[in-house]
Amino acid sequence: MSNEITNPLALIAELTHRCPLHCVYCSNPLELQSRANELDTQAWLRVFQQAADFGVLQADFTGGEPLARTDIPDLVRAARTAGLYVNLITSGLPLDEPKLDALLVAGLDHLQLSFQGAREEIAAEISGTKSHAQKLRVLEWLKSRRVAVTLNFVIHQRNLDQLAEMLAIAESSSATRVEFAHVQYYGWAFANRELLLPTPEQLAASIAFFKRAQERLSGKIRVEYVVPDYYAKYPKPCMGGWGRKLMLITPSGEALPCHAAKIIPGLKFENVKDRSLREIWEISEAFQKFRGEAWMQEPCKTCDRRALDFGGCRCQALLLAGDPAATDPVCTLAPTRERVDAILAALHKTPEPKTLTTPAWLYRPNPAT
Amino acid sequence: MQPDPNSHPHLAPGCRLGENNQQCVLLMPERALRLNGPSLEIVRRCDGKHSVQQIITELQQIYSKAEPKKVETDILGYLALLQKQRALDFA
């Protein structure tokens, strides 16, 4: 692999941590940023222009709920005008038809609607909010409008029995793409892990289901799926490699190599208020820390797969092995793989979930103002 | 799955041409494809006005040194690939 620095291809703009949903697997950090600390409109406009000038192709607007910001049409317009492909990842909760039209007029390219299940009951349990019926309304509005639509179903132990219903929702919509994303275990999901991890039988059945769906819907809907790292043989190439393809900007303007990087002790993050994206990407300590291969330990250091998976996920290495420079413990070649196996083995001993009582979820709250 | 020669391909919603570092790219949800030479000539003609057959004929003229049958096969393969990515609709 070449150690040459190339520009990032996508900018993940975490516009706010405010959200009407309280999902038990939210990818936001446990420490949420308040509205008072959010970057203002002008600061984001500067970021989008710098990103486009730097060769970034796509901007992913996410949150929290990005629509919680009232300046969202201005942000979409600015990013699009700068030359970026604009993708909005939303729960759909704050949407109505005029707001949707304003976003499309502003130049939104792609809308990704997240789902917590195929039915109101499970969606409400997972998100701590009544939200499912509104999502179905949004799908109806989208049918008569020209924009790319992706449905994203986050799946786990508690909703894997609804895959066929989820796919039916996608097929009756205008979506050209559907993602089935098994939960990964960081942040809020790590805290709720035992209630979310699927059994090996559930996982195998889901993969067989996705393969059949891909075959049947080829050319109509792109069906994509992500398996839980804990069940993988080799780790995923997290973020396409540290500081290789993606850059994430937090609501307050910190530039991170990935969603969870702030949990890694000792890393110093630069803020877009102080430095340009190019400067941060090329010379900041945080982006250089795990870029390339010099930081790797054995077995990664001499492994043939190191240019494929870049050693896996640094945050997972910290969470499970206690060392962010260790081989991702989900790798079957990792010396710490037994810790993952122990977690999975303990899961099988857990009695069947009692359906009469609601599990003891840790819900993600709204940030303080 | 082979496209019908009489159908008219056009870019699907959320798919459009863009430019990056003086290079043409096809932007689409969660992906971008670099376009150069023949691939760019094909995608430029996916405008809902050209039929698949017209695209083949025009590219056979542009690439007149290449074997016409090979040009046709390559174009059909590329259109099928774009269809699988959901970058094209056929009218």
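What you see is a predicted model; the values in this text were computed from it and never measured.

The rules behind the values
- Residues numbered from 1 in each chain as written.
- Chains lettered and ligands numbered in written order.
- Predicted model: local features only at pLDDT ≥ 70, side-chain atom pairs only at ≥ 80, totals over all residues.
- Helix = DSSP H or I, 4+ residues; strand = E, 2+ residues; numbered from the N terminus.
- Rg over C-alpha atoms; globule rule 2.2 N^0.38 Å.
- Buried ≥ 20, exposed ≤ 12 C-beta atoms within 10 Å, placed from the backbone.
- Contact = placed C-beta atoms within 7 Å.
- Nonpolar A, V, L, I, M, F, W, Y, C, P; charged D, E, K, R; others polar.
- Core = buried A, V, L, I, M, F, W, Y, C linked by C-beta atoms within 7 Å.
- Pairing = 2+ DSSP bridges.
- Axes fitted to C-alpha atoms, helices over the stretch in contact; angles between N-to-C directions.
- Arc of directions from axis to C-beta.
- Parallel < 35°, antiparallel > 145°, perpendicular 65-115°, else oblique.
- Left-handed = near helix turned anticlockwise from the far one by under 90°.
- Right-handed = clockwise from strand over helix to strand, strands pointing away.

### Remarks on the overall build of chain B
Helix and strand content of chain B: three helices and five strands. Along its sequence from the N terminus, chain B presents helices and strands in the succession β-β-β-β-α-α-α-β. Expected size for 91 residues packed as a compact globule is a radius of gyration near 12 Å; at 13 Å, chain B falls within 12% of this value. Oriented by its inertia axes, the alpha-carbon framework of chain B measures out at about 35 × 30 × 20 Å. Residues classed as buried in chain B amount to 27% of the 91 residues present. When contacts within chain B are restricted to residue pairs at least 6 apart in sequence, those whose partners lie at least 24 apart make up 58%.

### Thoughts on the interface of chain A and chain B
Each partner contributes residues to the interface: chain A has 15 residues there, and chain B has 15 residues. Only β3 (85–90) and β5 (148–155) of chain A provide two or more residues apiece to the side of chain A that touches chain B. Partitioning the side of chain A that touches chain B into residue classes produces four nonpolar, seven polar and four charged.

### Digging into the nonpolar core
Residues and elements named next belong to chain A. Ranked by size, the top nonpolar core spans 120 residues in total, and within it L11, Y25, F48, A51, A59, L84 and V86 carry the most contacts. Considering each element in turn, this core owes the most residues, six residues, to β5. The contact partners of A59, leaving out residues within four places of it in the chain, are L11, A13, F48, A51, A79, L84, V86 and N87.

### What about the sheet that holds strand β2 (residues 16–20) of chain B?
Residues and elements named next belong to chain B. Pairing within the open sheet is antiparallel, and its three strands lie in the order β2-β3-β4. Both outer strands of the open sheet, β2 and β4 (31–35), are each paired with one neighbouring strand and no more. Strand-to-strand twist in this sheet, taken as the mean axis angle between neighbours without regard to direction, amounts to 35°. With five bridges joining them, strand β3 (residues 23–28) and β4 adopt antiparallel strand pairing. Bridge pairing in β4 places M28 opposite R31.

### What to know about helix α4 (residues 120–127) of chain A
All names here are of chain A. Within the span of α4, buried status applies to A123, I126 and S127. On an axial view of α4, the arc spanned by its buried residues comes to 85°, and they lie on one face. The secondary structure elements touched by the buried residues of α4 are α5 (132–143). Just downstream of α4 lies G128, where phi reads positive at about 65°.

### As for the environment of I42 of chain B
Residue and element names in this part refer to chain B. Looking at the element boundaries, I42 is found in helix α1 (residues 38–44). Owing to 21 C-beta atoms within 10 Å, I42 belongs among the buried residues under this scheme. In sequence terms I42 and H8 are 34 residues apart; their C-alpha atoms lie 12 Å from each other. Beyond its immediate sequence surroundings of up to four residues, I42 is in contact with I55, L59, I75 and Y78.

### Let's talk about unusual backbone geometry
All names here are of chain A. In this chain, G63 is followed by G64 through a cis amide linkage whose omega measures 15°. As for its placement among the helices and strands, G64 is situated in the loop between β2 (58–62) and α2 (72–82). The omega torsion across E298 and P299 is 5°, close enough to zero to call that bond cis. Along the polypeptide, P299 turns up in the loop between α11 (285–289) and α12 (306–309).

### Section: the sheet that holds strand β1 (residues 10–14) of chain A
Residues and elements named next belong to chain A. As summarised here, the arrangement of the nine strands in space is β7-β6-β5-β4-β3-β2-β1-β8-β9, forming an open sheet in which the pairing is mixed. A strand with exactly one partner marks an edge of an open sheet, and here the two such strands are β7 (222–226) and β9 (255–256). Here β1 pairs with β2 via five bridges, running parallel. Within the sheet, the bridge partner assigned to I12 lies in β2 and is D60.

### Comments concerning the packing of helix α1 (residues 41–53) of chain A against α2 of chain A
Residues and elements named next belong to chain A. Packing of α1 against α2 brings their axes to within 8 Å, and their N-to-C directions diverge by 20°. The orientation of α1 with respect to α2, classified from their angle, is roughly parallel. At the point where α1 passes α2, the crossing takes the right-handed sense. Two secondary-structure elements touch here, α1 through T41, W44, L45, F48, Q49 and A52 and α2 through D74, L75, A78, A79 and A82. Grouping the constituent residues of the contact of α1 with α2 by class yields eight nonpolar, two polar and one charged.

### Some remarks on the pairing of β3 of chain A
Residue and element names in this part refer to chain A. Burial runs high along β3: six of the six residues are buried. Of the two faces of β3, the one holding Y85, N87 and I89 and the one holding V86, L88 and T90 are both buried throughout. Direction of pairing for β2 relative to β3: parallel, over a ladder of four bridges. The residue of β3 that forms the bridge with A59 is V86. Chirality of the crossover, the property in question, places the unit of β2, α2 and β3 among those that are right-handed. Bridging between β3 and strand β4 (residues 110–115) involves four bridges; their strand directions are parallel. Looking at the pairing, I89 lines up with Q112 of β4. In the classification by handedness, the crossover that spans β3, the intervening helix α3 (residues 97–106) and the parallel β4 is right-handed.

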